[in-house]
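Notes for the structure review
As a plain string of letters, each chain reads:
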6 protein chains.
Amino acid sequence: MRSGRAVNELREITIETDYVKHPEGSVLISFGDTKVICNASVEDRVPPFLRGQGKGWITAEYAMLPRATEQRNIRESSKGKVSGRTMEIQRLIGRALRAVVDLDRIGERTLWVDCDVIQADGGTRTASITGAFVAVVLAFGKLVEKGVLKKLPVTDFLTAISVGVLPDGEEILDLCYEEDSKAHVDMNIVMTGQGEFVELQGTGEEATFSMKQLQKMISLAQEGVAELTKLQKDAIGKWADVIETSSAVSEK
Amino acid sequence: MRSGRAVNELREITIETDYVKHPEGSVLISFGDTKVICNASVEDRVPPFLRGQGKGWITAEYAMLPRATEQRNIRESSKGKVSGRTMEIQRLIGRALRAVVDLDRIGERTLWVDCDVIQADGGTRTASITGAFVAVVLAFGKLVEKGVLKKLPVTDFLTAISVGVLPDGEEILDLCYEEDSKAHVDMNIVMTGQGEFVELQGTGEEATFSMKQLQKMISLAQEGVAELTKLQKDAIGKWADVIETSSAVSEK
Amino acid sequence: MRSGRAVNELREITIETDYVKHPEGSVLISFGDTKVICNASVEDRVPPFLRGQGKGWITAEYAMLPRATEQRNIRESSKGKVSGRTMEIQRLIGRALRAVVDLDRIGERTLWVDCDVIQADGGTRTASITGAFVAVVLAFGKLVEKGVLKKLPVTDFLTAISVGVLPDGEEILDLCYEEDSKAHVDMNIVMTGQGEFVELQGTGEEATFSMKQLQKMISLAQEGVAELTKLQKDAIGKWADVIETSSAVSEK
Amino acid sequence: MRSGRAVNELREITIETDYVKHPEGSVLISFGDTKVICNASVEDRVPPFLRGQGKGWITAEYAMLPRATEQRNIRESSKGKVSGRTMEIQRLIGRALRAVVDLDRIGERTLWVDCDVIQADGGTRTASITGAFVAVVLAFGKLVEKGVLKKLPVTDFLTAISVGVLPDGEEILDLCYEEDSKAHVDMNIVMTGQGEFVELQGTGEEATFSMKQLQKMISLAQEGVAELTKLQKDAIGKWADVIETSSAVSEK
Amino acid sequence: MRSGRAVNELREITIETDYVKHPEGSVLISFGDTKVICNASVEDRVPPFLRGQGKGWITAEYAMLPRATEQRNIRESSKGKVSGRTMEIQRLIGRALRAVVDLDRIGERTLWVDCDVIQADGGTRTASITGAFVAVVLAFGKLVEKGVLKKLPVTDFLTAISVGVLPDGEEILDLCYEEDSKAHVDMNIVMTGQGEFVELQGTGEEATFSMKQLQKMISLAQEGVAELTKLQKDAIGKWADVIETSSAVSEK
Amino acid sequence: MRSGRAVNELREITIETDYVKHPEGSVLISFGDTKVICNASVEDRVPPFLRGQGKGWITAEYAMLPRATEQRNIRESSKGKVSGRTMEIQRLIGRALRAVVDLDRIGERTLWVDCDVIQADGGTRTASITGAFVAVVLAFGKLVEKGVLKKLPVTDFLTAISVGVLPDGEEILDLCYEEDSKAHVDMNIVMTGQGEFVELQGTGEEATFSMKQLQKMISLAQEGVAELTKLQKDAIGKWADVIETSSAVSEK
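Residues numbered from 1 in each chain as written. Chains lettered and ligands numbered in written order. Predicted model: local features only at pLDDT ≥ 70, side-chain atom pairs only at ≥ 80, totals over all residues. Heavy atoms only, no water.

For the pair of chain copies, the relating operation is a rotation around an axis with a shift along it. Its rotation angle being 180°, the transformation that places chain F on chain C also includes 0.0 Å of axial translation and leaves an RMSD of 0.0 Å. The relationship between the two copies is best expressed as a two-fold rotation axis. Of the C-alpha atoms belonging to chain F, the one lying closest to the rotation axis is found on Q201 of chain F, 2.3 Å away. (Least-squares fit on C-alpha atoms with pLDDT ≥ 70 in both.)

What follows is the structure, given as structure tokens:
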């Protein structure tokens, strides 16, 4: 069994807001020993493909400090290119966030979300999404307070969690690095506060999985997502109510 | 409703083998108007991280001709870098193929799988995986015939298909480009001939989906996969029996 | 002697039009086992150096599928740069096409010509030019039919062929890969239907050639060009007469 | 006058050790609102130019999180290249550290020093050097404790501080961003604990400075260096005495 | 002692003007066997960050011919990137020149200064700055003669020289390559004709230096600068008086 | 008519040997206002594809100083890639030189030939080849004098010249920039001292040329080549006789 945690137990999760002073929204999120700085920056223009349409955009970038991991990695700026893994993750983060933000209501603005992993122990992409959501809410909150936006353009909560199947066939929630490297199946699930799927990515590297295993993993993820949503509510304070109202309405 | 097809109906699928003369395995696969050349090349060495371990590797590359699409795309060689989308797809193809090949039985060899889309109309990644599997079987078949390998190192069939949810809420199988661009949910499912999941990637871009919709999409995919597997059997001829025996054994 | 062909005999040449559905002009050309997809795409703007001058431009790109050749080549998009050989060829194709198109009569448009070699057996650049010409005529033909252009802006036919000197001193026409790799002299000649030179590139790698050999090679090329021009006429159908008239006029 | 500080007064300096868990040495250093993570990683080989000489190497990399600054910067990994400013800084950090480490005594090892600025308010390069020194001592200390090295190969303390001349002609110590952007002269001084110069870089962008101003700035820097050295001693604890002995010896 | 020169003696310095015909200002400068072509080109626009402000910019580029040195270097264009050393030097040259040019008086123009080392024997950056100043004066002189500028926008002379400390502790002026490679301390000093510092960069690679050594080096540099300024006056002829007047005024 | 020169008259040609001190062979060649530094460097190893075969290689690089031309060009090192034109020229220079050097007799060595244009006025590639030949002979001569090679491995002289057709239909020799930019046909011819072709590249950009024009251009080129060969003989002094003997022998 895994380091004392129950199969459906998250690692210790902490969300520290206003971590860095310049960004409109800034969060340090920890999933156990995985620590990610999530900064949300507002830019007053949109990428070329959206110009003149009166709507906004959210884009994400993801990186690790070279020594966030056990072995030092070569900096992607030194290599002169971004790896396929990095690209996959940053596309995932951006896509997920766009699912719960009403881009028509933010004007011709881009929200840049930077997720920088300062310490890695598995689950960096799920921590990034979960933390980035909080940073995004804080950034939009600031725009509401300044009167730039009339109301928070966020339609629901958004969290992500990993689930997997260990070699002994056991399904588990929130894999640390050691578990992840042994797992036969690795799945990342992004869900709204309403329990709808935003993204589901399950992979059997040199292995496969059955419908039954899929259902068990989804069920574990749902438990994790409920807990993460609570922590996000605490972190964003007064903005939580606004989102609940908003998503209740869109739910009808 | 969509261009006359039933919701659970594949487009016309054709698989032409030995399409190009140099590669060990070569296939032109069509999913309706989507046409992909899948070439499998054998190289007698492995990437650095595998050297000296006596096992092999499969890696895939994916590209589109610039005018495979309605609008001409800039060539990635001219841009000097491969896009995130391309990286995602080629990582997916390689990972999927490795799930049904016993890498311990191919010696220190790399199988390079090149999927080049010459005409695109949606579903290029699922056509690529489905065609690449055939090219891989033919390439390994050639090694068996030459006496380089004792038996085919392929443990099961491998097919991929897209499913999605249209704006009216209808779940459909095998989306063409027009359907894909309208769909609220887009899911790619890679399955073995035994009906196990190899990869599941569902995305709601600016939308979400429910457990019920997920189940409906999976069920459509299972129908498509069964048909695709039959077409693969026809394409690989005598090698089909070897795979069935092999996977029957591993199934126990 | 070479695989049964006479020294002045072309390989089997075929030109299949409308090969891919999206481009304005699309051709699959074969010179024996060399097969090239030539697509011509119309873009409604010109490169910066031509803006505001009321005239158009033609530019070409050339690539090989990685396994078009006996040995798999690394993709230029993976290497992040285009090789010197590729650049030379694509500059040659563009320059040659511009010699028989009246750029002043196409408006501020760019014609992108993509030559993608799917199978290579020598002479890929000459097949590319010969096929590209047909794709270009078809693309401009489409603009004429749509009423965008008043008449076909093509002033003459354009074909290319290779000639060379074998180690035994014999001059030959249309070298396949094996002949090319043994030849002491390799020359590519681009000519109009009127028999004028557009481009002449003769190279003795680690060897030289005499005036007499040059004349013999040119004479072989002229025979080949005459035949290729006939095949182009068949391929472009009704547009052939328009070009003949046009070039007859410019000839005076 | 500047935000309440005396001209010879440092901002509040803190040094937090063991900040990240994987690196051999890890420090979070703050110079006021400037915060830099300095990680030292040991690699058991040297760059090609040093192989087989039995000595080691220290190299440094420097980066900023995109939103470390008031305006978000484009990530250097996205741009595909490292800026001139970044290169200058990382070359400076590496050179400075090599001046106080006896590379002959560390074997064929490379110490990678990563300085990642998570929040910037001027003086990031001086904070980086001052923090990196502590990380380097901790990393070598770990090698001594493991018995890999016999004694600490560090010959002296190493600190860096900025000085400058304000538009009113006043010389000041440790410039914050606002001061730095107004200053007519900007100088970075790297010194040993013994008060020797390791590096001196003074620049008058669109301005110049006199010998007298140079002397005043150096004198301010010496005050700052003395204080920073004390803080480093506290941070490295037991290793401080070893360095003092060592440098006392080399001083003779 | 060093090849017969006194410690305070420059190598033979020559400045040949109008060396290349196209640039507005062109100089071949030699510091002994170090030979640098310095070309100044006027462009009638400024970089984006300065547009619309009515002022100009000076930027510099530096390169070496591959065989300027004893060992051939790989061309930076072949490597696809500019080294850190090159970036440092070209930033230094540009910054230094901007200190003696009144950018407000040159309109929205950029002066591109290209320093190309055709033969290297130490001191290439100091020769570059000293020669570039002359090329810049000649280029601005041409603009004055054409009536584009009313008067020469140059406020003072600008020269650069290296000083260093040999292993025996002796301070020397203007190091050739052999001296430079042995020196414990290497310092480059950029000064105005008035004897003010523009830039001071002293480095002890694997060594340190004292206040006393610093003062001795500065004093040597001052001797060198005086001589170099005289040579520049001869090279620029009639423009020398204009600069003297101008700097005399700004000195008050 | 062109600036006073007869149609078959070369510009003033000068060849200055030992121009730069480090390279084994160094030449400054001028064709009128076109000036190119040609340096030949010997490296004691060959590229990977030749290792272990006991033979050598010659490779060439070509570049222009940014302001060699009327308009300043962006440096290829800044752009991060080498243009198609540069690649074409450097491939041509290398290929041409290899035609007159017996690579089997130089051992496993690479001769790097760097052609750097410091001033351009048309014909930079022909000047480069003509000058590079002299630098190559001098470099091999040095190896013979040192006893590294037994005899000069050069089998014939090698020169290059441009010819063209002006708009009025007149064929001319050795085009300067102004002529080149107006010419309808531009041809570069590389010949041996024996009058054999090494390379023939004729291009009609937006124009064509006839067999008769081709013959006239070749005849002009032969006159130019004879003169250039004489100038090369003067430049290489004692080595001229060795080459003549050698080529006389190979001619039989």
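So that's the structure; there's more coming.
Another point: the interface of chain F and chain C. Counting from both sides, the interface comprises 34 residues of chain F and, opposite them, 34 residues of chain C. Here chain F packs against chain C, burying approximately 2900 Å² in sum over the two surfaces, 53% of which is carbon and sulfur. For R91 of chain C, the salt bridge identified is with E88 of chain F, shortest N-O distance 2.6 Å. Among the elements of the structure, α2 (84-98), β8 (185-192), β9 (197-203) and α5 (211-236) of chain F are those that each provide at least two residues to the side of chain F that touches chain C. Among the residues forming the side of chain F that touches chain C, the class breakdown is 14 nonpolar, 10 polar and 10 charged. Pairing analysis gives five bridges linking strand β9 (residues 197-203) of chain C to β9 of chain F, with the strands arranged antiparallel. Across the sheet, residue E199 of chain C finds its bridge partner in β9 of chain F, namely T203 of chain F. (Contact = heavy atoms within 4.5 Å. Buried area = accessible area lost by both parts, 1.4 Å probe. Salt bridge = Lys/Arg side-chain N within 4 Å of Asp/Glu carboxyl O. Helix = DSSP H or I, 4+ residues; strand = E, 2+ residues; numbered from the N terminus. Nonpolar A, V, L, I, M, F, W, Y, C, P; charged D, E, K, R; others polar. Pairing = 2+ DSSP bridges.)

Let's shift gears to the pairing of strand β6 (residues 158-165) of chain A. Residues and elements named next belong to chain A. Among the eight residues in β6, eight count as buried, and that is most of the element. Strand direction decides the pairing type here: β6 and strand β8 (residues 185-192), joined by eight bridges, are antiparallel. Its bridge partner being in β8, A160 is matched across the sheet by V190. Of the strand pairs in this sheet, β6 and strand β7 (residues 171-173) are connected by three bridges, and their pairing is antiparallel. Paired with G164 across the bridge in β7 is I172. The loop that links β6 with its antiparallel partner β7 comprises five residues; one of these, G169, has a positive phi angle of about 95°. (Buried < 20%, exposed > 50% of the residue type's maximum accessible area, 1.4 Å probe, protein only.)

Let's shift gears to the environment of L200 of chain B. Note that L200 of chain B resides in strand β9 (residues 197-203). Owing to a relative accessible area of 0%, L200 of chain B belongs among the buried residues under this scheme. A C-alpha to C-alpha distance of 32 Å links L200 of chain B and S78 of chain B, two positions 122 residues apart in sequence. The contact partners of L200 of chain B, leaving out residues within four places of it in the chain, are M187, L200, Q201, G202, F209 and L214 of chain A together with M187, N188 and I189 of chain B.

Our next topic: the UniProt feature "domain: Exoribonuclease phosphorolytic" (unreviewed entry) in chain A. The residues that UniProt annotates with the feature "domain: Exoribonuclease phosphorolytic" (unreviewed entry) are residues 9-138 and 158-224 of chain A. Helix makes up 26% of residues 9-138 of chain A and strand 31%, with an end-to-end C-alpha separation of 28 Å. (UniProt positions renumbered as here; feature names shortened; annotations may be inferred.)

Contact geometry of helix α5 (residues 211-236) of chain C with α5 of chain F gives a least axis separation of 13 Å together with a crossing angle of 165°. In terms of orientation, α5 of chain C and α5 of chain F fall into the roughly antiparallel class. As α5 of chain C runs across α5 of chain F, the sense of the crossing is right-handed. Taken together, the residues of α5 of chain F that come into contact with α5 of chain C (itself represented by M211, L214, Q215 and I218 of chain C) are M211, L214, Q215 and I218 of chain F. (Axes fitted to C-alpha atoms, helices over the stretch in contact; angles between N-to-C directions. Parallel < 35°, antiparallel > 145°, perpendicular 65-115°, else oblique. Left-handed = near helix turned anticlockwise from the far one by under 90°.)

Our next topic: the environment of I58 of chain C. All names here are of chain C. Secondary-structure assignment places I58 in strand β4 (residues 57-64). For I58, a relative accessible area of 0% corresponds to the buried category. Between the alpha carbons of I58 and L103 there is a distance of 8.1 Å; along the sequence they are 45 residues apart. The contacts of I58, once residues within four sequence positions are left out, are G94, L97, R98, V101, L103, L111 and V113.

A separate point is the side chain of R11 of chain D. Residue and element names in this part refer to chain D. Here R11 is to be found in the segment before β1 (13-17). Reaching out from R11, the side chain makes a polar contact with the backbone oxygen of D121 at a distance of 2.8 Å. Among the polar contacts listed, one links the side chain of R11 to the backbone oxygen of G122, at a separation of 3.1 Å. Apart from the residues lying within four places of it in its own chain, the contact partners of R11 are R5, F31, G32, T34, D121, G122, G123, D174, L175 and C176. (Polar contact = N/O pair within 3.5 Å; in protein donor to acceptor, adjacent residues only side chain to side chain.)

Counting across every chain of the model gives 18 aromatic pairs over all chains. The interplanar angle of 90° and the centroid separation of 5.2 Å between the aromatic rings of F49 of chain D and W57 of chain D together place this pair among those described as edge-to-face. Note on F49 of chain D: relative accessible area 52%, which makes it exposed. A centroid spacing of 5.7 Å and a plane angle of 45° characterise the contact between F133 of chain F and F157 of chain F, whose relative ring orientation is tilted. Within this pair, whereas F133 of chain F is found in helix α3 (residues 124-145), its partner F157 of chain F is found in the loop between α3 and β6 (158-165), the two being separated by 24 residues in sequence. Judged by its relative accessible area of 2%, F157 of chain F falls in the buried class. Residue placement shows K233 of chain D over the ring face of F157 of chain D; its charged tip is 5.5 Å from the ring centre. (Phe/Tyr/Trp six-rings, centres within 6.5 Å; stacked < 30°, edge-to-face > 60°. Lys NZ or Arg CZ within 6 Å of the ring centre and 35° of its normal.)

Using the criterion set out here, one finds 108 salt bridges over all chains in the structure. With a closest N to O distance of 3.5 Å, D102 of chain B and R105 of chain B form a salt bridge. With relative accessibility at 23%, the residue D102 of chain B sits in the partly exposed group. A salt bridge links R11 of chain D to D174 of chain D, with the nearest nitrogen and oxygen atoms 3.1 Å apart. Here R11 of chain D is found in the segment before β1, whereas its partner D174 of chain D is found in the loop between β7 (171-173) and α4 (177-182), with 163 residues between them in sequence. Of the residues examined, R11 of chain D reaches a relative accessible area of 9% and is grouped as buried. Residue class for D174 of chain D comes out buried when judged on its relative accessible area of 0%. Via salt bridges that share partners, R5, R11, D121, D174 and E179 of chain A belong to a single interconnected network.

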